[in-house]
Amino acid sequence: MADKINAVKGMNDILPASVPRTDRLPDSALWSWFEQKVRQLLARYGYHYIVTPVVEPTALFVRGLGEVTDIVEKEMYSFTDSMNGDKLTLRPEATAGIVRAMVEHNALYNGPLRLWTMGAMFRHERPQKGRYRQFHQLDVEALGFPGPDVDAELILMVRALWRELGLVEGEHVRLEINSLGQPAERQAHRDALIRHFEAHADVLDADAKRRLHSNPLRILDTKNPAMQAIVEAAPQLMDFLGEESRAHFDAVRAVLDAAGLAYRVNPRLVRGMDYYNLTVFEWVTEQLGSQGTVCGGGRYDGLIGQMGGKPAPAVGFGLGIERLLLLIQELGLPVPSAAPAAYAVVPSAAVLPQVMMVLEQLRAAGVSVLQHAGGGNMKAQFKKADASGARYALIFGEDELARGEVTVKSLRDAGGAQVARSLSEVAAWAATLQSPAPNT
């Protein structure tokens, strides 16, 4: 036998629940359920689906994320195309690609856009629980909207998603917000940060010293216990905000207060990229250890101009799908079963043509039906019907078919109630297969 080839470390298969595995990754049914919830919710908010390439020019992320960010310096999967020498990168995040697409196609010519996408991202990190080298994100962007109303809309949209999924804000996840102000205000704060950290240079670790003059905001994110005291004592950006920035932040808060959404103003909540401004927010959890951020977003009014487009405001968020589904699993929240409504028991291969036409009618009526394949006696087929999780067995015995009927047998009650249904009126009784017990 040939040697087995395994997946790349940190890049995982999403498999049906019936496939045995030792990890805690979500199964494909949970994944599909989540995607369906997302599509329905975003349609209600008026956001439109967009798909961008997985591979983009490396320069896009260097320009968009910054040369001194961890993503660009350490984590990107970049390569040179052997066919033409182009420098390319597997996308580490979605926002830069969406903005590139909008600029390239002059998409904001007719006005602002609300967009979303969902797909695989890639970062070369040490794989661990909730952090993978290929991971998947839901990304939502509102481009061309300058006001605090859309900032608040996105935050409330995430809360609505939590509720759709069974998560409780304040218990399972909590909201943190901050304002980064405008570039001049951030520059004044940046200068103050540099002076503060220079005065404590003996406490800074190597990473902080490297970032001191290039990206001092990132020092505030340090997890180094030895630096926590000087980080806590560092100047706070909120003290540098002007009247307009404060008014924008207060307007966002007013909407959240009116919606009864609890939050914490976290002055240490920052973004390392210079194009971010004004509102930033994160939804965090205590249930996943160090991987506590489930969703993060903010306003980035500078990015579209930075990417070569006509300057326009923008705000958005990214949500880690694996991490969120892991949280749902950790909490043991109820999710719909992926089991079919019915399982077709077919005692004789001779009746297959007739049976399969009936099953096609049921599926056309919206009923999920799993057909037994491969033959076998009735006992073996009923065993597989029960294992499938189906609510009903459809028994296509020769006697039933001779009468123009199928027997519908309940598999989920102790009595195993059953009823005969006419094959000439499939559409009339198809909906009863979606109910918990057959109607007699």
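Since this is a predicted model, take the numbers as computed values, not measurements.

Criteria and cut-off values
- Residues numbered from 1 in each chain as written.
- Predicted model: local features only at pLDDT ≥ 70, side-chain atom pairs only at ≥ 80, totals over all residues.
- Heavy atoms only, no water.
- Helix = DSSP H or I, 4+ residues; strand = E, 2+ residues; numbered from the N terminus.
- Polar contact = N/O pair within 3.5 Å; in protein donor to acceptor, adjacent residues only side chain to side chain.
- Contact = heavy atoms within 4.5 Å.
- Buried < 20%, exposed > 50% of the residue type's maximum accessible area, 1.4 Å probe, protein only.
- Pairing = 2+ DSSP bridges.
- Axes fitted to C-alpha atoms, helices over the stretch in contact; angles between N-to-C directions.
- Domains from an automatic or database assignment.
- Salt bridge = Lys/Arg side-chain N within 4 Å of Asp/Glu carboxyl O.
- Patch = residues over 30% accessible without salt bridge, like charges linked within 9 Å, V, L, I, M, F, W, Y side chains within 5 Å.
- Areas by Shrake-Rupley, 256 points an atom, 1.4 Å probe, with all protein chains shown as cover.
- 1 Å grid on protein atoms, 1.4 Å probe; cavity = no way out; pocket = protein on both sides within 12 Å on 5 of 7 lines; lining within 4 Å.
- Points joined across faces, edges and corners; volume = space filled by probe spheres on them.
- Core = buried A, V, L, I, M, F, W, Y, C linked by side-chain atoms within 4.5 Å.
- UniProt positions renumbered as here; feature names shortened; annotations may be inferred.

Q: Residues and numbers for the side chain of Thr-117, please.
A: Tracing the sequence through the fold places Thr-117 in strand β5 (residues 113-122). Separated by 2.7 Å, the side chain of Thr-117 and the backbone oxygen of Ile-50 make a polar contact. Not counting residues within four places of it along the chain, the set of residues in contact with Thr-117 comprises Tyr-49, Ile-50, Val-51, Ala-94, Ile-98, Gln-137, Leu-138 and Asp-139.

Q: I'd love a proper account of helix α4 (residues 95-104), names of residues and values included.
A: Across the ten residues that make up α4, a large majority, eight, are buried. Burial in α4 covers these residues: Thr-95, Ala-96, Gly-97, Ile-98, Val-99, Arg-100, Ala-101 and Met-102. Contacts made by the buried residues of α4 are with β2 (55-57), α2 (58-65), β5, β6 (134-143) and α10 (303-306). Just beyond α4, the residue with positive phi is Asn-106, at close to 50°.

Q: Give a description of the sheet that holds β5 that names residues and reports values.
A: If you walk across this open sheet you meet the eight strands as β1-β5-β6-β11-β10-β9-β7-β8, and the pairing is mixed. The open sheet has two edge strands with one neighbour each: β1 (48-49) and β8 (264-265). Against the sheet, helix α5 (residues 148-165) touches β5, β6, β7 (174-179), β9 (277-284), β10 (293-299) and β11 (314-320), its axis set at about 20° to β11.

Q: Got a sec to walk through unusual backbone geometry? Specific residues and values, please.
A: In this model, Asn-106 sits at a positive phi of 50°, which is unusual for a non-glycine residue. Along the chain, Asn-106 turns up in the loop between α4 and β5. One non-glycine residue, Leu-278, lies in positive phi territory at about 55°.

Q: Go over the domain arrangement of the protein chain with me, naming the residues and quoting the values.
A: Here the protein chain is partitioned into domain 1 (28-181 + 241-331) and domain 2 (342-433). Here the C-alpha centroids of domain 1 and domain 2 sit 46 Å apart.

Q: Tell me about the pattern of salt bridges, residues and numbers included.
A: Using the criterion set out here, one finds 18 salt bridges in the structure. As a salt-bridge pair, Glu-169 and Arg-163 come within 2.6 Å of each other at their nearest N and O atoms. When salt bridges that share partners are traced, they join Arg-174, Glu-176, Arg-264 and Glu-286 into one network.

Q: Tell me what's going on with a nonpolar patch on the surface, and back it up with residues and numbers.
A: Residues Val-54, Val-55 and Phe-79 make up a contiguous nonpolar surface patch of about 210 Å² in total accessible area. Tracing the sequence through the fold places Val-54 in the loop between β1 and β2. A relative accessible area of 35% places Val-54 in the partly exposed class.

Q: Lay out the sheet that holds strand β15 (residues 405-410) in plain terms, naming residues and giving numbers.
A: Taking strand neighbours across the sheet as the criterion, the five strands line up as β13-β12-β14-β15-β16 in an open arrangement whose pairing is mixed. Each edge of the sheet is formed by a strand with only one pairing partner; in this case those strands are β13 (369-371) and β16 (418-422). Between one strand and the next, the sheet's axes are offset by a mean angle of 25°, whatever the strand orientation. Of the pairings in the sheet, the one linking strand β14 (residues 392-395) to β15 comprises four bridges and is antiparallel in character. Bridging from a neighbouring strand, Leu-394 pairs with Val-408 of β15. Across the face of the sheet, helix α12 (residues 352-364) comes into contact with β12 (342-345), β13 and β14 while running at roughly 160° to β13. Contacting β12, β14 and β15, helix α13 (residues 378-387) crosses the sheet at an angle of about 170° to β12.

Q: Just give me the short version of empty space enclosed by the protein, but keep the residues and values in it.
A: Inspection of the entire model under this criterion finds one cavity of 30 Å³ or more. Roughly 40 Å³ of volume is contained in the largest cavity. Around the largest cavity sit Val-38, Leu-41, Leu-42, Leu-138, Val-140, Met-157, Val-158, Leu-161 and Phe-317, which together line it. Every element with two or more residues in the lining of the largest cavity is listed here: α1 (28-44), β6 and α5.

Q: Requested: an account of the nonpolar core, with residues and values cited.
A: Residues Phe-34, Trp-162, Phe-197, Trp-283 and Phe-317 are the most contacted members of the largest nonpolar core, which totals 90 residues. Broken down by element, the residue count for this core peaks at eleven residues, all from α5. Once residues lying within four places of it in the same chain are set aside, the contact partners of Trp-162 are Leu-167, Val-173, Trp-283, Val-294, Cys-295, Leu-319 and Leu-324. By size, the runner-up hydrophobic cluster in this structure holds 23 residues, among which are Val-346, Tyr-392, Trp-429 and Ala-430.

Q: How would you summarise the UniProt feature "binding site: L-histidine" (unreviewed entry) in the protein chain if you had to cite specific residues and measurements?
A: UniProt feature "binding site: L-histidine" (unreviewed entry): in the numbering of this structure it lies at Glu-93, Ala-94, Thr-95, Arg-123, Gln-137, Glu-141, Arg-271, Tyr-275 and Tyr-276. Tracing the backbone through its elements, the reader meets Glu-93 in the loop between β4 (87-90) and α4. Given a relative accessible area of 11%, Glu-93 falls into the buried group. The residues touching Glu-93, leaving out its near neighbours within four places in the chain, are Phe-61, Leu-65, Met-121, Arg-123 and Gln-137.

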